[in-house]
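Spelled out from the first residue to the last, the chains are:
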Amino acid sequence: MNAHAPVQNGGCDVAIHQERGQRAVFCGLTGIVWLHRKIQDAFFLVVGSRTCAHLIQSAAGVMIFAEPRFATAIIDERDLAGLADMNEELDRVVTRLIERRPDIRLLFLVGSCPSEVIKLDLSRAALRLSQRLAPAVRVLNYSGSGIETTFTQGEDACLAALVPEMGESDAADLLIVGALADVVEDQFSRIFAELGLAARFLPARRAGAMPPVGRGTRFLLAQPFLTETARALEERGARRIPAPFPLGAEGTTGWLQAAAEAFGVDPARFEAATAPGRARARKALAAHRERLEGRRVFFFPDSQLEIPLARFLARELGAEPIEIGTPYLHRGHLAAELALLPRGATVVEGQSLDDQLDRCRQARPDLTVCGLGLANPLEAEGLATKWSIELLFTPIQGYEQAGDLAALFARPLDRRARLEV
Ligand code: SF4
């Protein structure tokens, strides 16, 4: 593990280490599981193998709909051997899909490891199919392959693919970037309205309603893993509002306040709009403080939510994050979060699985936040675990969800306490 320059943290230092080695993280296909619920007239067609189909099915296993908005076009041995024309097959699959599902307005062709290995050019396929299916259906592409992306980077790649589709506007607009559960989006819309701000959201719920962007746009990231999307928006002239992420009462207040200050909202108006939510969140959090206070928490790198979550657990619930792993760390986007981490916090960017497992076993944390693959073996060794994937599937942002977020961490400790009794 290589130590890098520590970052200044209001007088304290946070040590950021980097390590490289074997990783245990989902690939970017996983994002389809929450994205397909968000954009209601979109469809995600993975161009991949049976393994890819299996991953999506099992990740989404708990929420299969009668007519899901994702599928896998299987690349089989004939295709891999170059015996079939993949482009023709893809066109055939897409034509059949659109005939059967005329409600689809936006089709994402999602690249995978196999489609990358055979060098199938999905951007050309998307262009060709878009021309054929216009104006009813727009076809875009992005990669969710495990070679190029981990877990939440799939959402980043998907949203970045949407940016060129956004209309042009130089109006001074507030744009919220990152997929949020509808219930959370509605709550934030109400708060922004009380602040006198008309917030638009990327992604929108419908393909035809994506917000415009331009030099007047100021955007707030709702998720910490949107590096490419932010870059694409900045290339279109938009400016990011630096802020912490809206997890917990403090993070939500800091996030809202950053937008309020960027648009010159009167502090008294901000106070009036946020005080009730802050009070409700504080009350909800108090119910979980006893269970989490003083608990030592170890984060394996997975969702890129680890740093904001560690900040939330430490500052609002009195937990002690002993190692905060993250697959990637965007120092600019995470600057406000790093400044709020407790003294002595150790952040590890990247992963060397065996080394990290050794450190975890040695530390014997009260709670380990990790991917599904690591949770079972660690549970078998007597460690309480929390699946990080749940933090993406569950509405956790904002004041009204602060208590639910705390409960997600308290529950495994409760369960273990009951088992011990
Ligand atoms: Fe596995 Fe790659 Fe398919 Fe992801 S994209 S399921 S890593 S083969």
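The name recorded for the chain in an unreviewed UniProt entry is Light-independent protochlorophyllide reductase subunit N, from Methylobacterium organophilum. On record in UniProt, under Subunit (unreviewed entry), the comment for the chain is "Protochlorophyllide reductase is composed of three subunits; BchL, BchN and BchB. Forms a heterotetramer of two BchB and two BchN subunits." On record in UniProt, under Sequence similarities (unreviewed entry), the comment for the chain is "Belongs to the BchN/ChlN family."

J.: How would you sum up the overall build of the chain? Please name residues and give values.
T.: Looking only at helices and strands, the chain features 17 helices and 16 strands. Taking the principal axes of its C-alpha atoms as reference, the chain extends roughly 60 × 55 × 45 Å. Counting the 421 residues in the chain, one finds 57% classified as buried. A separation threshold of at least 6 residues defines the contact pool for the chain, and within that pool the share at least 24 residues apart is 72%. Per element, the accessible surface of the chain, about 17500 Å² overall, is 51% carbon and sulfur. Between the centroid of the 48 positive side chains of the chain and the centroid of its 53 negative side chains there is a distance of 3 Å.

J.: Give me helix H8 (residues 182–194): which residues, what numbers.
T.: Given a rise of 1.5 Å per residue, 13 residues ought to cover 18 Å, and the 18 Å separating the end C-alpha atoms of H8 matches this to within 8%. Listing the buried residues of H8 in full gives Val184, Glu185, Gln187, Phe188, Ile191 and Phe192. Seen end-on, H8 carries its buried residues on one side only, within an arc spanning 160 degrees. Residues of H8 that are buried sit in contact with helix H1 (32–38), strand S8 (174–177), strand S9 (199–202), strand S10 (218–221), helix H10 (248–262) and helix H11 (267–292). Of the residues trailing H8, glycine 196 is marked for its positive phi of about 80 degrees.

J.: Lay out the pairing of strand S14 (residues 346–350) in plain terms, naming residues and giving numbers.
T.: As a general feature of sheets, a regular strand has side chains that alternate between the two faces. Within S14, 4 of the 5 residues are buried, which leaves the element mostly enclosed by the surrounding structure. Strand direction decides the pairing type here: strand S13 (residues 320–326) and S14, joined by 3 bridges, are parallel. Residue pairing for S14: isoleucine 324 is matched across the bridge by valine 347.

J.: Go over the side chain of serine 112, please, and point to the residues and values.
T.: Checked against the element boundaries, serine 112 lands in the loop between strand S6 (106–111) and helix H5 (113–117). On the basis of relative accessible area, serine 112 is assigned to the buried category, the value being 1%. Reaching out from serine 112, the side chain makes a polar contact with the backbone oxygen of valine 47 at a distance of 2.6 Å. Contact partners of serine 112, with chain neighbours within four places excluded, come to Val46, Val47, Gly48, Cys52 and Ser145.

Calculation rules
Residues numbered from 1 in each chain as written. Predicted model: local features only at pLDDT ≥ 70, side-chain atom pairs only at ≥ 80, totals over all residues. Heavy atoms only, no water. UniProt positions renumbered as here; feature names shortened; annotations may be inferred. Helix = DSSP H or I, 4+ residues; strand = E, 2+ residues; numbered from the N terminus. Buried < 20%, exposed > 50% of the residue type's maximum accessible area, 1.4 Å probe, protein only. Contact = heavy atoms within 4.5 Å. Areas by Shrake-Rupley, 256 points an atom, 1.4 Å probe, with all protein chains shown as cover. Lys, Arg positive; Asp, Glu negative; His and termini not counted. Charge placed at Lys NZ, Arg CZ, Asp CG, Glu CD. Expected span 1.5 Å × (residues − 1). Arc of directions from axis to C-beta. Pairing = 2+ DSSP bridges. Polar contact = N/O pair within 3.5 Å; in protein donor to acceptor, adjacent residues only side chain to side chain.

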